[in-house]
Structure formats: structure tokens, C-alpha cells
Amino acid sequence: MKVERYKYTDIQKLFEPNYGVNLNRLEIPINPYDAFKCDVPNLSTSLYFVVNDQFYDKSLPKVQLPEGMVVDSLRKASEKYDFIERYYGKIADSSKDGITALNTMLAQDGLFIYVPKNVKVDRAIQIVNILRSDVDLMVNRRVLIIVEEGAEVKLLFCDDSADDRNFLGTQVIEAFVGDNASLDLYCLEETHIKNVRLSNLYIRQNRDSRVRHNIITLHNGVTRNRTDLTFEGEGAECWLNGAVIADKHQHVDNNTLIDHKVGNCTSHELYKYVVDNNATGAFAGRILVRKDAQKTVSEEVNQNLCVTDEARMFTQPMLEIYADDVKCSHGSTVGQLNDQALFYMRQRGISLDEAKLLLQQAFINEVVDNIHLEPLRDRLRFLVEKRFRGELNKCSGCKACQ
């Protein structure tokens, strides 16, 4: 708790319970199609599964990928491709973060995604992370993404739980985005109250590259997401967007760092929370503009709704600027629903509960509207509405919903 970036989440408390760790790589029986039947209507994706922390490659239909592109087990890929050594562990510094160090020590497999030079992947790649166990389990997932010069790819990560057990998951993602390359990274969490998610995302952007990262937390127990993005080449641009819906005793903590190491780069950041009941939300976003990063343009916005008096929201937007020719702004608000807007809607025959739901939905949809995949955007609007209505946000075929 004395570490600045962890002060809003008691990590020690999360590690106090006993969890099993599958060090011997015992096979866990599962048919991922039975455990996960949710999809995004009208969105054609290349579908892959990661069960706990292991790439699932049994009895799945072969996916047709562009020539040279690789989506595979990280362990197997490291035996095939020597160049992985030049990337693995290079921006996820285990000497500076305890979760990254623990994950590096215990991770035995994970996911490897490689997009070669000038390859543009038209179909989105969907990765479904399924938590499956008969006992309380700790999983340590590792992901390495390499998008070479001029390449483009869209990735959708979905986190789900197939069993009603206590899970503690650490995840480290390293993403390298080459010159004039594009990476769209969408992360959707729909787990349950017994799940603890500790995810660290590290992104390195080269010259004229573009990154869009959208993270949506709809259902969870305790979640802490860390995002560190570094501009290594001029002309790059990024969008970091996040939406959180938390109630009961849920806890969601997003901690971000955008490091403008070079000039002429642009960053946009928007995180919005709706916190209900006794839930807790936290956001800390730091924009670092170094001395030589002239002509930097950066904006950071964090807006939050506390629906009840018991809900808690901690917010800490930060600008640290050492250059003098920049255009930077940051802002944060914490409040409740607008009484005048509620009164206006009540006057037109809308019930109080429905009026609150519509205002909350419109508030969150500002983040959802930034998603460029139209079918995914429409699906998330539907899920957000169901979430606010207290209805199940998954398909009736999911084991977790039965």
C-alpha cells in the first residue's frame, strides 16, 4: 500500500487466501464451446481460446490467417521463432513491478500474436480467456503481441469464468507496434464476484503508429488494470478508453501511464465509471511529457457517477510536463445524477428508475461510441443496458449463467 501506483488496491489482502497452482500442467477437461457460447452478432472473427493460462489447441477448426501471421501458444512459438527473445520481457520490467515479477516467474504458457510487415488483417481476432477449475485456482497468463511495420490488426479479448470458484489471475501483455502500424485492442471482462484480476499491459509505439485500447468492465469481483504506453517514435497517436459498471462490493482500479518520450505525438484518454451500492472505483492516470517531447498534444478525462452515498470513487489525474511547447489538459469529475434531468424526464411520464437507467446508460455509452467495430459497439450497448437493468449480461447457453 506504500507503493504509489498500488495505493487504491490492497494487493496483500488479495493474496492471503490459499490457491492451487497448476505447476504440473495437469490437463483440465473442458469443451470451450460448451463453456462459452456468447458471440457478437454480425461480427466475423477468428476465434481462439485460452483456458486458465494455457493456449487451447485441441479439436478446434483451423483458422485461415493471412500469410505469415501467427496466433499460437507462446511456449510452442518460442521454440519455433528465435526473434521472440528480442521482445519477451523487454518492456514488462519485472524489477519495477511485483505483479509482473510474479507472473514472469510462474507463467508457463500464454498467447503469441505476430503480424508481419505490411499485413493488414481484415477479420478481427477474438481471444476468449476461460477460467475453469474444480478448486480455488491461481492462473498466470502471458501475452506477447508483435505488429510489424505497416501492419494492422484488431484484437478482442473476452474474460469469462466457467466455474463458481475463487480465481486469482495475473496477466502480463506486451505489445510492440512498429512504424506506421495499427493495433486496436478491445478487452471485455464478464466474470463474477469471486474473481480477482490483476492485469498489466505494456505498449511500445514506434513512428506514425496508432493504438486504440478500449477496456470495459461489466462484471467482476476485484479488478486492477495497469496500462503503460510509451511513444518511441514521432507522429504516433493513441486512444485509451475505459468504462466501468460496478455495484455490490465490487472493486475496479485502473492505473495508466502515457510516456511521451519523443515529440509530435498525440494521446487521448477517457475513463468513465458508474459506481453503485458499496462498490469502489479508482482511477489514476499520469501523463509524462519529457524534455525533448515538443509539440505534444495530450488530453485526459475521468468522469464518475456515484449512485449511492455508500459508493466510493478515488480519482487522480496527473500531468508531468518538462517541455514548453505542448498542448495538454486533464480533468476529473465525481458526482451524482443530474436532478434537473431527472425532473425533466419524470415530467414526460418516465418512471424514476427508468430515468436513472437512461442517464447512466448515456453516460457510459460515450466510451462505447469510441469503439470502431460497429457490431461490437452495438453489442456492448445492449450489454450495458442489461447490466444496468440487473439482468444477466450473457447468453442463456453459458454455464456461468445457469
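Everything below is about the structure shown above.
For the structure given in this document, a descriptive report is provided here.

Here is what the cut-offs are and how they apply
- Residues numbered from 1 in each chain as written.
- Predicted model: local features only at pLDDT ≥ 70, side-chain atom pairs only at ≥ 80, totals over all residues.
- Heavy atoms only, no water.
- Pairing = 2+ DSSP bridges.
- Helix = DSSP H or I, 4+ residues; strand = E, 2+ residues; numbered from the N terminus.
- Axes fitted to C-alpha atoms, helices over the stretch in contact; angles between N-to-C directions.
- Contact = heavy atoms within 4.5 Å.
- Polar contact = N/O pair within 3.5 Å; in protein donor to acceptor, adjacent residues only side chain to side chain.
- Buried < 20%, exposed > 50% of the residue type's maximum accessible area, 1.4 Å probe, protein only.
- Arc of directions from axis to C-beta.
- Core = buried A, V, L, I, M, F, W, Y, C linked by side-chain atoms within 4.5 Å.
- Parallel < 35°, antiparallel > 145°, perpendicular 65-115°, else oblique.
- Left-handed = near helix turned anticlockwise from the far one by under 90°.

**Observations regarding the sheet that holds strand β3 (residues 54–56)**
No. 1: Strand order in the open sheet formed by ten strands is β3-β2-β6-β8-β10-β12-β14-β16-β18-β20, and the pairing between neighbours is mixed. A strand with exactly one partner marks an edge of an open sheet, and here the two such strands are β3 and β20 (327–335). If you compare each strand with its neighbour and ignore which way they point, the axes differ by 10 degrees on average.
No. 2: Bridge count for strand β2 (residues 45–51) against β3 is three bridges, and the pairing is antiparallel. Across the sheet, Val51 pairs through a bridge with Gln54, a residue of β3.
No. 3: Here helix α6 (residues 352–368) sits on the sheet and contacts β12 (210–219), β14 (237–246), β16 (266–275) and β18 (297–306); the angle it forms with β16, its principal contact strand, is near 155 degrees.
No. 4: With respect to the sheet, helix α7 (residues 374–388) is in contact with β8 (152–161), β10 (182–190), β12, β14 and β16, its orientation differing from that of β12 by roughly 25 degrees.

**Here we look at helix α5 (residues 339–347)**
No. 1: Of the residues flanking the start of α5, the one acting as N-cap is Asn338, its side-chain oxygen 2.8 Å from the backbone nitrogen of Gln340.
No. 2: Positive backbone phi, approximately 85 degrees, marks Gly349, located one or two places after α5.

**What about helix α4 (residues 98–106)?**
No. 1: Restricting attention to buried positions, one finds in α4 the residues Ile99, Thr100 and Asn103. Angular distribution of buried residues about the axis of α4 spans 100 degrees; they occupy a single face of the element. The exposed set on the far side of α4, more than 90 degrees from its buried face, consists of Gly98 and Met105.
No. 2: Check the buried side of α4 and you find it contacts α1 (11–14), β7 (137–147), β9 (167–177) and β11 (195–205).
No. 3: The distance from a side-chain oxygen at the start of α4 to the backbone nitrogen of Ile99 is 3.0 Å, and the residue carrying that oxygen is Asp97.

**Some remarks on the pairing of strand β15 (residues 251–260)**
No. 1: Among the ten residues in β15, ten count as buried, and that is most of the element.
No. 2: Burial along β15 is two-sided: the residues His251, Asp253, Asn255, Leu257 and Asp259 and Val252, Asn254, Thr256, Ile258 and His260 are all buried.
No. 3: Pairing of strand β13 (residues 222–231) with β15 involves ten bridges; the strand directions are parallel. The residue of β15 that forms the bridge with Leu229 is Ile258.
No. 4: Where β15 lies against strand β17 (residues 280–289), ten bridges are found, and the strand directions are parallel. Its bridge partner being in β17, Asn255 is matched across the sheet by Ala284.

**Here's the deal with the nonpolar core**
No. 1: Met69, Val71, Ile125, Val153, Leu155, Phe157 and Leu183 are the most contacted members of the largest nonpolar core, which has 54 residues in total.
No. 2: The leading source of residues in this core is β14, at four residues.
No. 3: Those residues in contact with Ile125 that sit more than four places away from it in its chain are Ser46, Tyr48, Leu65, Met69, Val71, Val153, Lys154, Leu155 and Leu156.
No. 4: Formed by 30 residues, the second largest nonpolar core is a distinct cluster that contains Cys158, Tyr186, Leu270 and Leu357.

**Observations regarding the pairing of β13**
No. 1: With ten of its ten residues buried, β13 lies for the most part within the structure.
No. 2: The alternating pattern of β13 places Val222, Arg224, Arg226, Asp228 and Thr230 and Thr223, Asn225, Thr227, Leu229 and Phe231 on opposite faces, both of which are buried.
No. 3: Alignment of β11 against β13, held across ten bridges, turns out to be parallel. Bridge pairing in β13 links Ser199 to Asn225.

**Observations concerning the packing of α6 against α7**
No. 1: Between α6 and α7, the shortest axis-to-axis distance is 10 Å and the interhelical angle comes to 150 degrees. Taken as axis vectors, α6 and α7 run roughly antiparallel relative to one another. For the pair α6 and α7, the sense of crossing is right-handed. Here α6 contributes Leu357, Gln360, Gln361, Ile364, Asn365 and Val368 to the contact with α7, which in turn contributes Arg377, Leu380, Arg381, Val384, Glu385 and Phe388.

**Quick word on unusual backbone geometry**
No. 1: Its identity as a non-glycine residue notwithstanding, Arg25 has a phi of 55 degrees, on the positive side.
No. 2: Tracing the backbone shows Arg25 in the loop between β1 (20–21) and α2 (32–35).
No. 3: Classification of Arg25 as partly exposed rests on a relative accessible area of 24%.
No. 4: Of note, the phi angle at Asn180 is positive, near 55 degrees, even though the residue is not glycine.
No. 5: Within the secondary structure, Asn180 is located in the loop between β9 and β10.

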